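# Topology and contacts: notes
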Amino acid sequence: MRGEAYLALNRGPEAVREFQKIIDHRGIVVCDPIGALAHLQLGRALVLSGDETKAKAAYQDFLTIWKDAEPTIPILKRARAEYTNLN
């Protein structure tokens, strides 16, 4: 929640720290979608922070995790579009 709030406030570096905590401590979220979505949100936060190289890697991680998901899921479509705009 804190990471989402920082994103909404355009505070990229703070959001990066919060989403990285989720990724670093996977046991907290186990199979919860929040674990996968943390990669996407980390990518968005890194874009806000100006680190496009790390942002691309975070987006790639998310897209890899969701590679078998239904391609018409709105958040997946948005993530792919955002990733494409980084290239």
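These remarks concern the structure in this document.

## Observations regarding the packing of helix 3 (residues 33-49) against helix 5 (residues 74-86)
Two quantities define a packed helix pair, namely the angle between the helix axes and the distance between the axes. In the contact formed by helix 3 and helix 5, the axes pass within 12 Å of each other and the chain directions differ by 35 degrees. Every pair of crossing elements has a handedness; the one defined by helix 3 and helix 5 is left-handed. In contact with L37, L40, R44 and V47 of helix 3, helix 5 contributes I75, R78, A79, E82 and L86. When grouped by side-chain class, the residues that make up the contact of helix 3 with helix 5 number six nonpolar, no polar and three charged.

## Structural notes on helix 4 (residues 52-65)
Between its first and last C-alpha atoms helix 4 spans 20 Å; for 14 residues at 1.5 Å apiece the expected length is 20 Å, and the two agree. Of the positions making up helix 4, those classed as buried are A55, A58, Y59, F62 and L63. One side of helix 4 holds all its buried residues, which, seen down the axis, span an arc of 135 degrees. Every exposed residue of helix 4 that faces more than 90 degrees away from the buried side is listed here: T53 and K54. The secondary structure elements touched by the buried residues of helix 4 are helix 3 and helix 5.

## Some thoughts on unusual backbone geometry
Backbone geometry at N10 places phi at a positive 60 degrees, although glycine is not the residue there. Note on placement: N10 falls in the loop between helix 1 (2-8) and helix 2 (12-24).

## Quick look at the side chain of H39
If you trace the backbone, H39 turns up in helix 3. Among the residues examined, H39 registers a relative accessible area of 5% and is labelled buried. Residue contacts for H39: discarding those within four places in its chain leaves I23, R26, A58, D61, F62 and I65.

## Comments concerning the environment of E4
As for its position among the elements, E4 is in helix 1. Sequence spacing of E4 and A58 is 54 residues, and the spatial spacing of their C-alpha atoms is 16 Å. Here E4 is in contact with F19 and Q41, once residues within four sequence places are set aside. Within polar-contact distance, the side chain of E4 engages the side chain of Q41 at 2.7 Å.

Reading the values: rules and limits
Residues numbered from 1 in each chain as written. Predicted model: local features only at pLDDT ≥ 70, side-chain atom pairs only at ≥ 80, totals over all residues. Heavy atoms only, no water. Axes fitted to C-alpha atoms, helices over the stretch in contact; angles between N-to-C directions. Helix = DSSP H or I, 4+ residues; strand = E, 2+ residues; numbered from the N terminus. Left-handed = near helix turned anticlockwise from the far one by under 90°. Contact = heavy atoms within 4.5 Å. Nonpolar A, V, L, I, M, F, W, Y, C, P; charged D, E, K, R; others polar. Expected span 1.5 Å × (residues − 1). Buried < 20%, exposed > 50% of the residue type's maximum accessible area, 1.4 Å probe, protein only. Arc of directions from axis to C-beta. Polar contact = N/O pair within 3.5 Å; in protein donor to acceptor, adjacent residues only side chain to side chain.

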